[in-house]
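Observations on the three-dimensional arrangement
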Amino acid sequence: MKRYMGFIGLLFFIFLIIFTSCSDHLIKKAMSGDAEAQYLLGKSYYDGKGVKKDYNEAFRWFKSAAKKGITEAQYWMGNCYYEGRGTKQDYNEAFRWFKAAAEQGIAEAQYWVGNCYYEGRGTKQDYNEAFCWYKPAAEQGLPEAQCSLGNCYYEGRGTKQDYNEAFSWYKPAAEQGYADAQYYLGICYYDGKGVKQDYKEAFRWYKAAADQGLADAQNRLGYCYVNGQGVKQDYNQAFRWFKAAAEQGIAKAQCNLGLCYANGQGVKQDYNQAFRWFKPAAEQGYAPAQFNLGICYDIGKGVKQDFNEAFRWFKTAAEQGHAGAQFNLGVYYDIGKGVKQDYREAFRWYKAAAEQGLAEAQNNLGICYLNGEGVKQDFNEAFRWFKAAAEQGHAYAQFNLGVCYSKGQGVRQDYYEAFRWFKAAAEQGHAEAQCRIGICYLKGKGVKQDFNEAFRWFKAATEQGDTYAQNNLGYCYENGKGVKQDYNEAFRWYKAAAEQGNEVAQCNLGNCYYNGQGVRRDYKEAFRWYKTAAEQGYA
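A brief look at the structure comes next. (Residues numbered from 1 in each chain as written. Predicted model: local features only at pLDDT ≥ 70, side-chain atom pairs only at ≥ 80, totals over all residues. Heavy atoms only, no water.)

1. Let's talk about the side chain of Gln506
Structurally, Gln506 can be placed in helix H28 (residues 503–515). In this structure the side chain of Gln506 is engaged in a polar contact, spanning 3.3 Å, whose partner is the backbone oxygen of Ala498. Excluding residues that lie within four positions of it along the chain, Gln506 makes contacts with Ala498, Gly501, Trp529, Thr532, Ala533 and Gln536. (Helix = DSSP H or I, 4+ residues; strand = E, 2+ residues; numbered from the N terminus. Polar contact = N/O pair within 3.5 Å; in protein donor to acceptor, adjacent residues only side chain to side chain. Contact = heavy atoms within 4.5 Å.)

Here's what the structure looks like:
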């Protein structure tokens, strides 16, 4: 073992002598004014190869070589000024030196001149000029320039938007292993822009970039695993990639990681951890995370319930145009939760969300118009918004649309249309709609009279605790409609509804006691229930 270590040490000593002598020779040549040697010495100091890294010395030697026309030195001068290495950061000087080298055909310099124009650093922002400089660098095969040229085509900056051209430039850069290009190529495949949509290819390129540590690609890869796009659905893998990106500070990934914890996908459900990850994403201004943080405060999951804080975060996200937050903000104003009740503000935020197509907001906006809350009463507008939400399958809106048709509010009265929309809502389990469907069958409004169907729908609604359905089920039992007459069952259902405050059932229960149907006759009880119903205004 000792002899082996001695051999390695001897090799290192010989190598050091040779390298040092080369460095001495280079230094002597540089000091004698040899421009090429000055550049190489500057690069040695810059990279810390053969000499201790020293940006000040690197800059000094680059400057000497650059002034003598060494194009590589001019490029590195630009780099020093751009990064503030060995000299004070100065984008104007950086641009000047990059341009000098670029004009002599140095691809890296052309790329950086393009960047300066694109970002407006050291020169006025000019996408056309940026495009013009990226192109020759890209044509020389520089992957960074190929990727940037692809971005120009993709965004339509400095040239006409052309997804095919964007794809054609991302691909060679990606094939050279350039992570950013691999990521953008993945987006092209995912969205089907410039190439036929292909989730498997999208996944392949996202993974290539993600494996190199590109955070945005790691987040996108997480999406693929969550949705099973291009790869078998795997929440554990999704969690792993979201976490990798989140730890690099990517707001979207932090939000997605929070959702994994909130939903228990790929990790044990943990609202504290969900809140922890939503918060930094929200503080970076990411609206979906702000919305989710508001939800945490609203329901008290992962943090103490605080309606004021929920309101604050909903408002922040709503002001960025997040439809869900706009809706929730409307609800807060509507019921005075975390803020003073204000129907006008509720209307304003419902409208903002409704115009983005959010069905819940469209339904609530319809209610505002129907009741004249926060806006002048307008049945036509109420109908319009209920219809928009109903056509998206929103059960409450379908029910409300049915009511409009039934009463002729905002539309010509049409019992058949009313039935159609009540049925759509009823089939989604909407209890009031199920009760209304029962009434339609009972009375033959909008549909052929059918007592059996009436009974069936009343029963479905009673199982959800709807008191009007319980009363109507009592009516069916009392009168033998769709079921064998049974006064005991009639009494039972009238009583269930009456005890929950249903005034019609209270009157019917009074009748049961008065007539001794399903219960022993009791005028005092009959009087009590009649009085209770009357006090609620039942004629």
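Still more to cover.
2. Overview of the nonpolar core
By size, the foremost hydrophobic cluster in this structure holds 174 residues, and its most contacted members are Phe62, Phe98 and Tyr206. If we ignore the near neighbours within four places in the chain, the residues touching Phe98 are Gln74, Tyr75, Gly78, Asn79, Tyr82, Ala109, Trp112, Val113 and Cys116. (Core = buried A, V, L, I, M, F, W, Y, C linked by side-chain atoms within 4.5 Å. Buried < 20%, exposed > 50% of the residue type's maximum accessible area, 1.4 Å probe, protein only.)

3. Considering the packing of helix H2 (residues 35–47) against helix H4 (residues 71–83)
Two numbers describe how H2 lies on H4: the axes approach to 10 Å, and their chain directions differ by 35°. For the element pair H2 and H4, the recorded crossing hand is left-handed. For the pair formed by H2 and H4, the contact residues are Tyr39, Lys43 and Tyr46 on the first element and Glu72, Ala73, Trp76, Asn79 and Cys80 on the second. Among the residues forming the contact of H2 with H4, the class breakdown is five nonpolar, one polar and two charged. (Axes fitted to C-alpha atoms, helices over the stretch in contact; angles between N-to-C directions. Left-handed = near helix turned anticlockwise from the far one by under 90°. Nonpolar A, V, L, I, M, F, W, Y, C, P; charged D, E, K, R; others polar.)

4. Considering the environment of Leu401
When you line up the elements, Leu401 lands in helix H22 (residues 395–407). Overall, the relative accessible area of 0% leaves Leu401 in the buried class. Sequence separation between Leu401 and Val411 is ten residues, and the spatial gap between their C-alpha atoms is 9.7 Å. When residues no more than four places from it in sequence are discounted, the contact partners of Leu401 are Phe383, Phe386, Lys387, Ala390 and Trp421.

5. Side note on the environment of Trp169
Within the secondary structure, Trp169 is located in helix H9 (residues 163–175). Remark: the alpha-carbon pair of Trp169 and Ser148, spanning 21 residues in sequence, is separated by 8.6 Å. Setting aside residues no more than four positions away along its own chain, Trp169 makes contact with Ala138, Glu139, Gln146, Leu149, Gly150 and Tyr153.

6. As for the environment of Gly186
In this structure, Gly186 sits in helix H10 (residues 179–191). Using a relative accessible area of 0% as the deciding quantity, one classes Gly186 as buried. Counting along the chain gives 308 residues from Gly186 to Tyr494, while the straight-line C-alpha distance between them is 63 Å. Once residues lying within four places of it in the same chain are set aside, the contact partners of Gly186 are Ala202, Trp205 and Tyr206.

7. Observations concerning the packing of H2 against helix H3 (residues 55–67)
Put simply, H2 and H3 touch, their axes get as near as 7 Å, and they point 160° apart. By the angle between their directions, the pair H2 and H3 is classed as roughly antiparallel. When the axes of H2 and H3 are compared, the crossing they make is left-handed. Seen from H2, the contacting residues are Ala35, Gln38, Tyr39, Leu41, Gly42, Lys43, Tyr45 and Tyr46; seen from H3, they are Tyr55, Glu57, Ala58, Trp61, Phe62, Ser64 and Ala65. Residue composition of the contact of H2 with H3, by class: ten nonpolar, three polar and two charged. (Parallel < 35°, antiparallel > 145°, perpendicular 65-115°, else oblique.)

8. Some points on H3
Taking 1.5 Å of rise per residue, the 13 residues of H3 would be expected to cover 18 Å, and the 18 Å separating its terminal C-alpha atoms lies within 8% of that figure. Taken residue by residue, H3 has Ala58, Phe59, Trp61, Phe62, Ala65 and Ala66 as its buried positions. The N-capping residue of H3, defined by a side-chain oxygen 3.0 Å from the backbone nitrogen of Asn56, is Asp54. One or two residues past the end of H3 sits Gly69, with phi positive at roughly 95°. (Expected span 1.5 Å × (residues − 1).)

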